[in-house]
Amino acid sequence: TGAIFVVLFATIFALPAPFAPVHLLFINLLTDSLPAIAIGLEPHNDKVMKEKPRDIRIPILNKTFALNVLIEGLLIGIATGVAFWIGLAADDVMLASTMAFATLCLSRLFHGFNCRSRESIFKIGVFSNKQSWLAFIIGVALLHIVLFVPGLQGIFEVAPLNGAQLLTIYGLAIAPFIINQVWKLVRK
């Protein structure tokens, strides 16, 4: 959803394409598979057996779920769009695309922690699923290999990043996660 918002934003304002096709393939392979496997290995929760069964007349993809997807996607889209805009402000389309790519990829890796539960990660235990951390670390390592190994920079169509740009990417990527976790804490 976040990527759709960014592409829609770029299209409406006649900006260059924020992602190369190879970026989207990498993001989908990396951020869909690793966190999904880790979430599938989430420790069982005894509370689940105490919950009432779901009413069969209520669809699984209900309004609440759809609203959560849109809000979380919008947060990730805003962070990614800001990264793209910062790169464009430097008058470098490839830098803008690289910053958008890295921010979206990292945001989705952080988002894997949001998907673990309807409750805050701090309530269920930050380290209660070590596979989530392993998936996150592997994902971050693979992203950094793509960003910083000279031979792969050309293949993945990424521009070199300096320290300030990398810090900007990390700050923007973690922001949707923090907002989501704070919301989960105050909502209860």
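Residues numbered from 1 in each chain as written. Predicted model: local features only at pLDDT ≥ 70, side-chain atom pairs only at ≥ 80, totals over all residues. Heavy atoms only, no water.

1. Digging into the packing of aromatic side chains
Which entries qualify depends on this criterion: Only rings of Phe, Tyr and Trp enter the pairing, Trp through its six-membered ring, and a pair is recorded when the two centres are within 6.5 Å. The plane angle decides the type: under 30 degrees is stacked, over 60 is edge-to-face, the rest tilted. For helices the rule is a DSSP run of H or I covering at least 4 residues; for strands it is a run of E covering at least 2, with both sets numbered from the N terminus onward.
On inspection of all chains with the given rule, the structure shows ten aromatic pairs. On the numbers, 4.9 Å between centres and 45° between planes, the contact of F110 with F136 is tilted. Within this pair, whereas F110 is found in helix α4 (residues 93-114), its partner F136 is found in helix α6 (residues 130-148), the two being separated by 26 residues in sequence. Counting every residue linked through ring pairs, the aromatic cluster contains F110, F113, W133, F136 and F177.

2. Some words on the confidence of the model for the protein
Threshold: pLDDT measures the predictor's confidence residue by residue and takes values from 0 up to 100.
Looking at the protein as a whole, its pLDDT mean stands at 87, while 94% of the residues score no less than 70. Highest mean pLDDT in the protein belongs to α4 (93); lowest belongs to helix α5 (residues 121-124) (74).

3. What about unusual backbone geometry?
The condition is simple: Accessibility here uses a 1.4 Å probe with only protein chains present; expressed as a share of the type maximum, an area under 20% marks a residue as buried, one over 50% as exposed, and anything in between as partly exposed.
The phi dihedral of A14 is positive, around 55°, even though this residue is not glycine. As for its placement among the helices and strands, A14 is situated in the loop between α1 (2-12) and α2 (21-40). Residue classification places A14 among the exposed residues on the basis of a relative accessible area of 69%. In the Ramachandran plot, E157 falls in the positive-phi region, its phi being about 55° despite a non-glycine side chain. Summarising the element assignment, E157 is placed in the loop between α7 (150-155) and α8 (163-187).

4. Some remarks on the packing of helix α3 (residues 63-89) against α8
The test is simple: Lines fitted to C-alpha atoms define the axes here, with helix axes fitted over just the stretch in contact, and angles between the N-to-C directions of these axes take values from 0 to 180 degrees. Our angle categories are set so that under 35 degrees counts as roughly parallel, over 145 as roughly antiparallel, 65 to 115 as roughly perpendicular, and the remainder as oblique. Each crossing gets its handedness from the near helix: less than a right angle anticlockwise from the far helix is left-handed, clockwise is right-handed. The contact criterion used is simple: two residues touch if any of their non-hydrogen atoms lie within 4.5 Å. Basically, the charged four are Asp, Glu, Lys and Arg, the nonpolar ten are Ala, Val, Leu, Ile, Met, Phe, Trp, Tyr, Cys and Pro, and anything else, Gly included, counts as polar.
Contact geometry for α3 and α8: axes closest at 9 Å, N-to-C directions at 165°. With respect to α8, the axis of α3 lies roughly antiparallel. Remark: the crossing between α3 and α8 carries right-handed chirality. Contacts from E72, L75, I76, A79, V82, A83 and I86 of α3 reach α8 at T168, L172, P176, I179 and N180. Grouping the amino acids of the contact of α3 with α8 by side-chain chemistry returns nine nonpolar, two polar and one charged.

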